[in-house]
Amino acid sequence: MKGIVFTEFLDLVEEKFGLEMVDKIISQSELASEGVYTSIGTYSFSEMLQLVTNLSGNTGISTDDLLLVYAEHFFSVIKTSYPGLLETYKDPIEMLASIENHIHVEVQKIYPDAELPTFVVEEKTDNSITMLYKSSRAMHHFGLGLMNKTFEHFNAKASIVLEKIKEDGTEVRFIVHKI
């Protein structure tokens, strides 16, 4: 997992819960990196899992809810760091439909060893999209948060239903309707 995901997560934890919480969740985790991350480095997903799990345990906030809030924070990082990417699109449905064939291609150019989830468009109209998410990391709530912020970016609203195909969350269907 790319280091920017870790550095931004710890920035968010510090902003929302304080530096003491950052130190606490790092101390509670068994991290090969010892909690020292660079945005361009690559780190084990198990480290992120430990950090999120320990934050959940210390705050009483579910990991799904933490991933949702984190994704909303991360969208602002994308918006600031890669504004041209978002400006390519005029509509949130169009942008979501291009995740696999454009956005992830661009991410791979910047981070060639990034391990990204797969998004398969099952059905698309001008006002709706049904997508299948597949990832061994089961971070579908991170995807949900990014989708929420995508609609907000375009000053649009949506109904997004998340349907678990596999109980462990490694396959999820997103049914999105623009309102």
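Quick caveat: nothing in here was measured; it's all calculated off a predicted structure.

Draft legend 1. Expanded view of the layout of surface pockets. Considered as a void within the structure, the largest pocket measures approximately 890 Å³ in volume. What lines the largest pocket is a set of 33 residues, and nearest its centre among them are Phe74, Val107, Leu116, Phe142 and Leu146. Of all the elements in the fold, those that place two or more residues in the lining of the largest pocket are helix H1 (3-17), helix H4 (63-81), helix H5 (83-87), helix H6 (92-97), helix H7 (99-110) and helix H8 (140-153). In terms of residue count, H7 provides more of the lining of the largest pocket than any other element does, 6 residues in total. For the lining of the largest pocket, a count of residues per class yields 25 nonpolar, 4 polar and 4 charged.

Draft legend 2. Broad picture of a negative patch on the surface. Judged by side-chain charge, Asp11, Glu14, Glu15, Glu20 and Asp23 come together as a negatively charged surface patch. Among the elements of the structure, H1 and helix H2 (19-28) are those that each provide at least two residues to the negative patch. Take the negative patch: its biggest share by element is 3 residues, from H1. Tracing the sequence through the fold places Glu14 in helix H1. Classification of Glu14 by relative accessible area gives partly exposed; the value is 40%.

Draft legend 3. Highlighting the sheet that holds strand S4 (residues 171-178). Taken together, 4 strands build an open sheet; the order of strands is S1-S2-S4-S3 and the sheet is antiparallel. Lying at the two open borders of the sheet, with one neighbouring strand each, are strand S1 (118-124) and strand S3 (158-164). Recorded for the sheet is a direction-independent mean angle of 20 degrees between the axes of neighbouring strands. One ladder, built from 6 bridges, connects S1 with strand S2 (residues 128-134); its direction is antiparallel. Along S2, the bridge assignment pairs Val121 with Met131.

The rules behind the values
- Residues numbered from 1 in each chain as written.
- Predicted model: local features only at pLDDT ≥ 70, side-chain atom pairs only at ≥ 80, totals over all residues.
- Heavy atoms only, no water.
- 1 Å grid on protein atoms, 1.4 Å probe; cavity = no way out; pocket = protein on both sides within 12 Å on 5 of 7 lines; lining within 4 Å.
- Points joined across faces, edges and corners; volume = space filled by probe spheres on them.
- Helix = DSSP H or I, 4+ residues; strand = E, 2+ residues; numbered from the N terminus.
- Nonpolar A, V, L, I, M, F, W, Y, C, P; charged D, E, K, R; others polar.
- Patch = residues over 30% accessible without salt bridge, like charges linked within 9 Å, V, L, I, M, F, W, Y side chains within 5 Å.
- Areas by Shrake-Rupley, 256 points an atom, 1.4 Å probe, with all protein chains shown as cover.
- Salt bridge = Lys/Arg side-chain N within 4 Å of Asp/Glu carboxyl O.
- Lys, Arg positive; Asp, Glu negative; His and termini not counted.
- Charge placed at Lys NZ, Arg CZ, Asp CG, Glu CD.
- Buried < 20%, exposed > 50% of the residue type's maximum accessible area, 1.4 Å probe, protein only.
- Pairing = 2+ DSSP bridges.
- Axes fitted to C-alpha atoms, helices over the stretch in contact; angles between N-to-C directions.

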